[in-house]
Amino acid sequence: MFPRILERSSTMSDYMFMLDSHLTADQSRVAAEVQAKAVEQGLNLFLSGGAMRDMLGGFPIRDLDFTVEGNAIKFAKLLAAKGEAEILSTDDHKKSAELLFSNGVTVEIGMARTERYGKPGARPVVAPATMHEDLRGRDFTINAMALSLHKASRGLLLDPTNGQADLERKEMRTVHNYAFYDDPLRLLRLLRFKTRLNFAIEERTQMQYANAREAEMETKIPVEGLNLELRKIADEPDPGELLRVLEEEKLAHLFSSALAGTKLNLPTFQRLHKARQMVPSGSEFTAQNLGLFLNVLVEKLNPKEKAALIKRLELTKAELAQWQKLDANAKKLEKELKAPKLNRASAVYRFLKAQPGELMLYLLLRSQQRLVVDRIKNYFTKYIPIALEVTDRDLLATGIEPGPKFAKAKEDYINGRLDGRIKKPIPPEPPPTPPQSTGGFARRSPAATPAPAPTTTTPSKPV
Ligand code: CTP
């Protein structure tokens, strides 16, 4: 089969449509802003990497990954200059920057580049390149696709290694034979994506992995790479399962020699995963995962092992605070959650809606207070689903007019539903189906054909 080097066809606008329907409202706003700035600067802009994989695979888009053919750091600074985004980090070597927009959307902007590796795990020599050349140097085919957002070629898919077919087959395949030798961190990335997406590893990639392990390439992963990867593991939907896989593959010790057997604390990670699964899809729930992840990860380590791991991770001030203050903040929330004034469903809903997600998960995991655990469980399994059920149409049907007071009216309506003061509206009866002729040759009218299922699905947002 020939790889699809450049695909221009009647499906061109389909990718833009797919993108639109996949982004959250906040991500859409940010994507529009980034595109407008690229037009203003005359830069070729592409959606790339993980964002493309997630969009085409029907997974929720976690971060917006963009690549520009040009100076990415300068571009990121221009985006931040308006004050609606802050630069979280820049990589002057790889010429990329990470931005956090004020609506909570994270964006990665990289320069289209080639990376030439002298030695495994060594710093590559980076040079500006075209988007197409850049894709050919990436790790796995499912991560090596891009969508042009440039005015003249908007909606054009670049898929030089046929990543779309691998996505459909649910297979991980390296882009080239030296992927693991060039950058051994990809050994860990392979297992992370495989675990997250539940994909198989293609045969040749399995052999390349085995060869790289035989040559002990994992020992060449630099500490910064391991630190980055551990943060990525913390953000996975099921970090415990990934740690189990890493231990099985004899790789978990790379993070700390103490992390093995019962010290890996897998049962607690399993309970954390169960708690996360309570969060209904479609809710606006967010959590800062790193602090809670570290809290569970180091629980079984002795003080010396714990200190060594934390020191090696080179946590930023904010990350350190996230981890260190977790216990105290959760204790405070536990106390507040016992308050008698929270005796109505609407009061619990309003109160918990404003609380940090990681504290609620922490309490589900560790609180011994029945009342506290029940209130959080009810919030996730009963109250959020009721609130999500309420549509603007329900409100308009009650005679409430659109306008500035609409949001407040909706809140009151949700409170009423939560406390049982307002009953769930009964959906109108469907119109009666016309009687069908029983004899002779019956043709099914096209209108009666069920609508085709959407081509993409958006599973629950990882928390
Ligand atoms: N990449 C690579 N080799 C690496 C790291 C990254 O080839 N060692 C490429 C991949 O194409 C990846 C992109 O750079 O898709 C962006 O990297 P990153 O943000 O780390 O990964 P994502 O694919 O966006 O994954 P996630 O969903 O975990 O954010």
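Residues numbered from 1 in each chain as written. Predicted model: local features only at pLDDT ≥ 70, side-chain atom pairs only at ≥ 80, totals over all residues. Heavy atoms only, no water.

Draft legend 1. Geometry of the overall build of the protein. When its secondary structure is counted, the protein shows 21 helices and 12 strands. For 463 residues, the compact-globule estimate of 2.2 N^0.38 gives 23 Å, and the C-alpha radius of gyration of the protein, at 25 Å, lies within 12% of that figure. With respect to the principal axes defined by its C-alpha atoms, the protein has extents near 70 × 65 × 55 Å. A separation threshold of at least 6 residues defines the contact pool for the protein, and within that pool the share at least 24 residues apart is 67%. Element-wise, carbon and sulfur atoms account for 54% of the exposed surface of the protein, whose accessible area totals about 25000 Å². Distance between charge centres in the protein, computed from 69 positive and 58 negative side chains, equals 5 Å. (Helix = DSSP H or I, 4+ residues; strand = E, 2+ residues; numbered from the N terminus. Rg over C-alpha atoms; globule rule 2.2 N^0.38 Å. Contact = heavy atoms within 4.5 Å. Areas by Shrake-Rupley, 256 points an atom, 1.4 Å probe, with all protein chains shown as cover. Lys, Arg positive; Asp, Glu negative; His and termini not counted. Charge placed at Lys NZ, Arg CZ, Asp CG, Glu CD.)

Draft legend 2. Quick look at the site of the ligand. The local shell around the ligand holds 16 residues, among which Arg 53, Asp 139, Asp 183, Arg 189 and Arg 196 are the closest. In the environment of the ligand, an oxygen atom lies 3.3 Å from a nitrogen or oxygen atom belonging to the side chain of Asp 65. One nitrogen or oxygen atom from the side chain of Arg 138 is found 3.2 Å from an oxygen atom belonging to the ligand. Considering the ligand on its own, with 570 Å² of exposed area, one finds that the protein chains cover 85% of that surface. Those elements that provide at least two residues to the shell around the ligand are helix H3 (49–57) and helix H8 (185–197). The leading source of residues in the shell around the ligand is H8, at 5 residues. Within the shell around the ligand, the residues separate by chemical class into 1 nonpolar, 3 polar and 12 charged. (Near = heavy atom within 4 Å. Polar contact = N/O pair within 3.5 Å; in protein donor to acceptor, adjacent residues only side chain to side chain. Nonpolar A, V, L, I, M, F, W, Y, C, P; charged D, E, K, R; others polar.)

Draft legend 3. A look at the packing of aromatic side chains. Considering all chains together, one arrives at 7 aromatic pairs under this definition. Centre to centre, the rings of Phe 140 and Phe 180 are 6.2 Å apart; their planes meet at 55°, and the pair counts as tilted. With Phe 140 in the loop between helix H5 (131–136) and strand S9 (146–148) and Phe 180 in helix H7 (residues 179–182), this pair connects stretches of sequence that are 40 residues apart. Grouping residues by exposure puts Phe 140 and Phe 180 together as buried. Here the aromatic cluster, defined as three or more aromatic residues joined through ring pairs, consists of Phe 285, Tyr 349, Tyr 379 and Phe 380. Stacked on the ring of Phe 193, the Lys or Arg Arg 192 has its end atom at 5.0 Å from the ring centre. Above the plane of the ring of Tyr 362 lies Arg 366, whose end atom (NZ or CZ) is 5.8 Å from the centre. (Phe/Tyr/Trp six-rings, centres within 6.5 Å; stacked < 30°, edge-to-face > 60°. Buried < 20%, exposed > 50% of the residue type's maximum accessible area, 1.4 Å probe, protein only. Lys NZ or Arg CZ within 6 Å of the ring centre and 35° of its normal.)

Draft legend 4. How the structure looks around the pattern of salt bridges. Considering all chains together, one arrives at 30 salt bridges under this definition. In this structure, Glu 236 and Arg 196 form a salt bridge, with 2.9 Å as the shortest nitrogen-oxygen distance. Of the two residues, Glu 236 sits in the loop between helix H10 (223–234) and helix H11 (239–248) while Arg 196 sits in helix H8, which places them 40 residues apart along the sequence. When the shortest N-O distance is used, the salt bridge between Asp 412 and Lys 408 registers 3.0 Å. (Salt bridge = Lys/Arg side-chain N within 4 Å of Asp/Glu carboxyl O.)

Draft legend 5. Summary view of the environment of Leu 264. Turning to its location among the elements, Leu 264 is positioned in the loop between H11 and helix H12 (266–277). Leu 264 gets classed as buried once you look at its relative accessible area, which sits at 0%. Remark: the alpha-carbon pair of Leu 264 and Lys 300, spanning 36 residues in sequence, is separated by 7.3 Å. For Leu 264, the residues in contact, after removing those within four places along its chain, are Leu 243, Glu 247, Leu 259 and Phe 269.

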